[in-house]
Amino acid sequence: MDGSGLPTTRSTCPYCGVGCGVLLTPDGNGGLLVKGDPEHPANHGKLCSKGSALGETVGDAINQGYRLRTPLIHGKEASWDAALQTVADRFRDTAARYGPDACAFYVSGQLLTEDYYVANKLIKGFIGTANIDTNSRLCMASTVAGHKRAFGTDTVPGTYEDLDQADLIVLVGSNLAWCHPILFQRVLQARAARGTKIIVADPRRTASCDPADLHLKLAPGSDVALFNDLLTRIDAAGAIDEDYLERTEGFSAALDAARADTAAQTDLTEDELARFAAMWIGTERVVTVFSQGVNQSTAGADKVNAILNCHLATGRIGKVGCGPLSVTGQPNAMGGREVGGLANMLACHMDLENAAHRAAVKEFWDAPAMPEAAGLKAVDMFRAVGRGEIKALWIIHTNPAVSMPEADAVRDAIAGCDFVAVSDVTGRTDTARLAHVLLPAAAWAEKDGTVTNSDRTISRQRAVLPPFAGARADWDILAEVGRRMGWEAEFDFDSPVEVYREHAALSGLAGEMGRDFDISGMAEISAAEYASLAPLRWPVTAHRQGGRFFADGRFYHAGGKARFVPVSWRPPVAKTGPRYPFRFNTGRVRDQWHTMTRTALSARLSAHLAEPYLDIHPEDAAGLGIARSDLVEVKSPEGTAILRARLTDDVRRGEVFAPMHWTGETAPSARIDALVAGHVDPVSGQPESKAAVVAVSRFDAAWYGFAVALDAPAPDCAYWALARTDAGYRMELAGREAPADWEAEARRVFGLPDAAVMSVSDAAQGRTRLAFHAEGRLLAALFVASGPVAVMRDYLATRPGEAPSGVLLGRTPADVPDPGPTVCSCFNVGLNTIARAVEDQHLMDVDAVGAALRAGTNCGSCRPEIATILARLSQMQAAE
Amino acid sequence: MDARARLVIIGAGMAAGRLIDHLEGADLDITLFNAEPRGTYNRLMLSPVLAGETTYDDIVTHDADFYAARGITTRFGERVARIDRAARVIHGENGPVPYDRLVVATGSNPFMIPLPGHDLPGVISYRDLEDTERMMALRPGQRAVVIGGGLLGLEAAAGMAARGVKVSVVHIMGHLMERQLDPEAAGLLQASLEARGIEVLCNAQSEAILGSEAGVEALRLKDGRELPCDLLCMAVGIRPATAVAAEAGLDVERGIVVDDQMQTSDPAIYALGECVEHRGALFGLVAPLYEQAAVLADVLKGGQGAFAPKPLSTKLKVTGCDLFSAGDFADADGRENLFLRDPDAGVYKRLILEEGRLIGAVMYGDTGEGGWYFDLIQSGEDVSMLRDTLLFGPGYDPAELPTCSLAA
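Here's a quick rundown of the structure. (Residues numbered from 1 in each chain as written. Chains lettered and ligands numbered in written order. Predicted model: local features only at pLDDT ≥ 70, side-chain atom pairs only at ≥ 80, totals over all residues.)

With respect to the overall build of chain A
Counting its regular elements, chain A contains 29 helices and 34 strands. Radius of gyration (C-alpha) of chain A: 27 Å, near the 29 Å computed for a compact globule of 880 residues. Along the first, second and third principal axes, the C-alpha set of chain A runs to 80 × 65 × 60 Å. Put simply, chain A has 880 residues, and 65% of those count as buried. (Helix = DSSP H or I, 4+ residues; strand = E, 2+ residues; numbered from the N terminus. Rg over C-alpha atoms; globule rule 2.2 N^0.38 Å. Buried ≥ 20, exposed ≤ 12 C-beta atoms within 10 Å, placed from the backbone.)

Here it is in structure tokens:
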């Protein structure tokens, strides 16, 4: 309860796969107060910067102009009746005329399990095609494949508690500090409590490396070589668990393959390899955490199996404090895996290729059709769309026109498809703009259902706000389309709990057929029990709930044994060379999530790295004539991008890194996946998102600009990046040719034909500054220069709506300090503020900064950055 | 017999007044002539007197009592008839005065365009207290025409307008104050003057002043327009008052030629102020006159002072028309302009840079930093590091670099 008198509701954060519990209290004005749920087993009350800012992404002020109010057909407002009938008719007609495989769904790990279940049931059992894939294909398909090859099913063996109990945690291809901050906090707590050692294997130095005992800055894509080397050293050290090996098959072949590999591929020194192996082998309680650096690879499944091989060989699996742990990027990637919402799955961890499984599911659903072969995985699906083979496509809660590899080709394919339905909360995404029928979906906090996190914990998401305008829940939309296609009884769902019961009952069939995923204990769950369902870990059966898998050596392959997979290093498919000399790594930033459709609504989150960038090694940059803050043009065989250069030796020479969040809505020249080729892992179908090849050159900008504005501007130049602020918006710009009349251009961009203007200009230096105002309030300001614009951005961002005087100076008034770019989002503490406090108060460590400024004392996500600031300042002092 | 060296000064204007200030304590027997029947007053302040913002009494700097207290002989209201250089004697209307050294500070005379009717009653210049009083005598609703849109003409126009007089300014050039302002600043100034009811006619050529013995009635322009008026003030510039020097045979070009010590072609005679020509230049603003006075005082005391012209700054003394100009603002190769424009607030600033140094400044509406710019122009220091904040005044640390992008 709070002052509003409205009750507090337990729910789950909609961001990453950690699955943190949140306490939601409506503020009575359409908004929410959000706190961490102290009783949730994933986070015990903590939230990261993104989760803490959830309240800033909902509410009437945010929704107005952003959320869809009604369905749209060809861009025109339409009734739900007309929109749903159109979708139903087009899928029915397409299936009838061209066959079911001309239909496809492309869905999302952000769907709730109930939504996912109805989507999977509709397309596989009723439309009759396995052409349903999901953005989880881009996320953890390689882990699914690796798990299945080793265990016989897609089972996460351990739990988050293992992180608390481990003595060594190895992060492989995971910037846990930024991408799963709450798990990282658990790692740090373990370190504080029991001295847990931390090793990071990543080609890039990330925030996660800050507290690490060892950073293995390995060559991109060489994880298999690293873990093969480890396996040979495990064997050489006599650390094989011979008893456990009895429960496995194929060890010697795997060891032979490992011995045939060479660790030289890792670029690591013998000393580093030996230290890593000694720590790993010498620590019984070792958890190997892996994420996109492993998965997003053409050798992704092999990387997973190389890791699993080491854990199986030592029997370090399914026991307290040890085991492999895949961490997923999406809130319900795991739920999607459980319902079988991927092209090569059936349902409830049953297999599409297994006739008995197919028959069981067909009978359970009373389905008229059931595909016998896997459908098209994401990359192939959109290629088929591009070839015109898929003629009816339904995209739900995901943004493939941005996030898929070959993003430009995918965007064009969607644009050329005969019929595209898109379900989303907003029409303002690169993908939604291409829809023939756009369906307004209820958003997080407006809908009910369940999600499963990375350690198999099922949590409820609960509706605490009414659906915005005409929005409807996805299970409801999907079920009604099913009914309108003629399957009234089969899709006669009135509430999510009815869907959940059916899902739980079907999982019982899976359990009977020997599968791991069985929550049949909830097949009879009442509405009241569902409403109050506390987080619980599957399986949930009459005999068992939760716990770990595989300590008992019982696996899901025929014969019940685990299987070693012999794996050999192979390089990324795209090869660097004279034309494309750089290896192009991609990833996330701390305060944004996916394609920013939610996080970009928060000014606080947008204050940290509000612009797309390219990390490049200073020596590489020097060779290319690229200076700090220059814009660079990045070209791959697939596409181009314009990004801000950050010179840093966090990346290795010859390698560059760019975050992947920006879109046509926020920075159209920074659609990173337009540069990524559609090379996929032959086993998992997951694309190689982190190993494209590119050329980098200085962007030949005639002008650079920075702008702040009260209302959203409409830029039209080679480079722009737009971010929200508390006072409105801020924007970086650049162009190849300077407009003849800056004032006219600025009036057009800001939509201010008549506002009063103040200006300064220095034509010889290419500098122009314009400030538009009315009634004593600044409406917009533009700062143009021939090079990167030097102004106090964070101060200027506060000015729209305030008195316009002084804004053209581009700095704080002489007696006001500049806070600098935001480091701590939770308490809005800037870099300069921290640096000043460190110097003035002689602060020596991160905790002292926290005591002085509160920075880093809430979610902790910025603590590595504060440590970096401290290190840099002490270096400067030492140099003086 | 007084054994002190005899110094005679012709003219008690502002330059002479300042010279005498600097000569305080010097062992000199000084005689001061002044054609005006009064002591020294701050001529620059006549415009505020005209505008009714101050009174004559308040702008007197050195009156007869002041000079008497210093032991200076004053011969006010007395014209100098001629200089007898051979005898080193000044012949005033009331008798001769011998000198050892002589300072000619005769100032300037307003230039009167020889238009038909320029000698009609009611046609005046704007030079002294008498002119000021003529304008102050106009009643609200009466009409005045000012020929000349320069500093003085505009001050006259604004002063009369402030008294309710309907004023038209006739200016032959394309914009007002073209020697001090660029067209844009002049446009703001014109708008401000027009807002006070002053009619401004640029590119306007006067043809004839109409009227009768009873007085001026109108100004006719070449395009045929007639501007009725009860008073016509000509403020189209000044000419050095060189008659007495020329008659004495001193070198005179446009002004009395002086060297860096303000010495004329006669080693015993110096000249000072608006009457001189130094290295081909004439002087109409007060700052170099004061500088000359200081140099000359030093020379007269036996020092090695030398006059070197410096950049000038101008302020228009019209309340509400905040205007400042200094240095050189002509467009030329290698010169770079910084502009600040805030038309809503009526603010305009232009700074002119050459080779990294500030060489000129034109400001309208907000002249608060004028002194700083003037210092920078005079010092000639390199301002490249300040360039980004130069328009906004001092106090911004160039070392405190703001960020150049959001992400980097």
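Next comes the rest of the account.
Side note on the overall build of chain B
The secondary structure content of chain B amounts to ten helices and 27 strands. Since a compact globule built from 408 residues should have a radius of gyration of about 22 Å, the 23 Å found for chain B is in line with a globular shape. For chain B, the spread of C-alpha atoms along the three principal axes comes to 85 × 60 × 35 Å. Out of the 408 residues belonging to chain B, those deemed buried represent 44%. The long-range share in chain B, meaning contacts at least 24 apart out of those at least 6 apart in sequence, stands at 61%. (Contact = placed C-beta atoms within 7 Å.)

Some details on the sheet that holds strand E18 (residues 457–461) of chain A
Spatially, three strands are ordered E17-E18-E19 (chain A) in an open sheet, and the strand pairing comes out antiparallel. Looking along the sheet, the strands with just one partner apiece sit at the ends: strand E17 (449–452) and strand E19 (536–537) of chain A. (Pairing = 2+ DSSP bridges.)

Section: the interface of chain B and chain A
Each side of the interface is counted separately: chain B has 22 residues, and chain A has 30 residues. A breakdown of the residues in the side of chain B that touches chain A according to their chemical character gives twelve nonpolar, five polar and five charged. As judged from the four bridges shared by strand E30 (residues 756–762) of chain A and strand E25 (residues 335–342) of chain B, these two strands associate in the antiparallel manner. The partner of Ser759(A) across the bridge, within E25(B), is Arg341(B). (Nonpolar A, V, L, I, M, F, W, Y, C, P; charged D, E, K, R; others polar.)

Digging into unusual backbone geometry
Residues and elements named next belong to chain A. Residue Pro539 is reached from Trp538 by a cis peptide bond, and omega for that bond is 5°. Residue position: Pro539 is located in the loop between E19 and strand E20 (562–563). Here the phi dihedral of His349 falls at roughly 60°; this positive angle occurs in a residue that is not glycine. With respect to the element layout, His349 can be found in the loop between helix H15 (333–339) and helix H16 (355–365).

Some thoughts on the environment of Val58(A)
Residues and elements named next belong to chain A. Summarising the element assignment, Val58 is placed in the loop between helix H1 (49–52) and helix H2 (60–63). For the pair formed by Val58 and Leu601, sequence separation is 543 residues and the distance between their alpha carbons is 8.5 Å. For Val58, the residues in contact, after removing those within four places along its chain, are Gly31, Leu32, Ala445 and Leu465.

Some details on helix H17 (residues 378–386) of chain A
Residue and element names in this part refer to chain A. Where H17 is concerned, the buried positions are Ala378, Val379, Met381, Phe382, Ala384 and Val385. Buried-residue contacts for H17 involve strand E6 (103–107), strand E7 (132–134), strand E14 (392–396), helix H18 (400–403) and helix H19 (407–416). Backbone geometry just after H17 places Gly388 at a positive phi near 85°.

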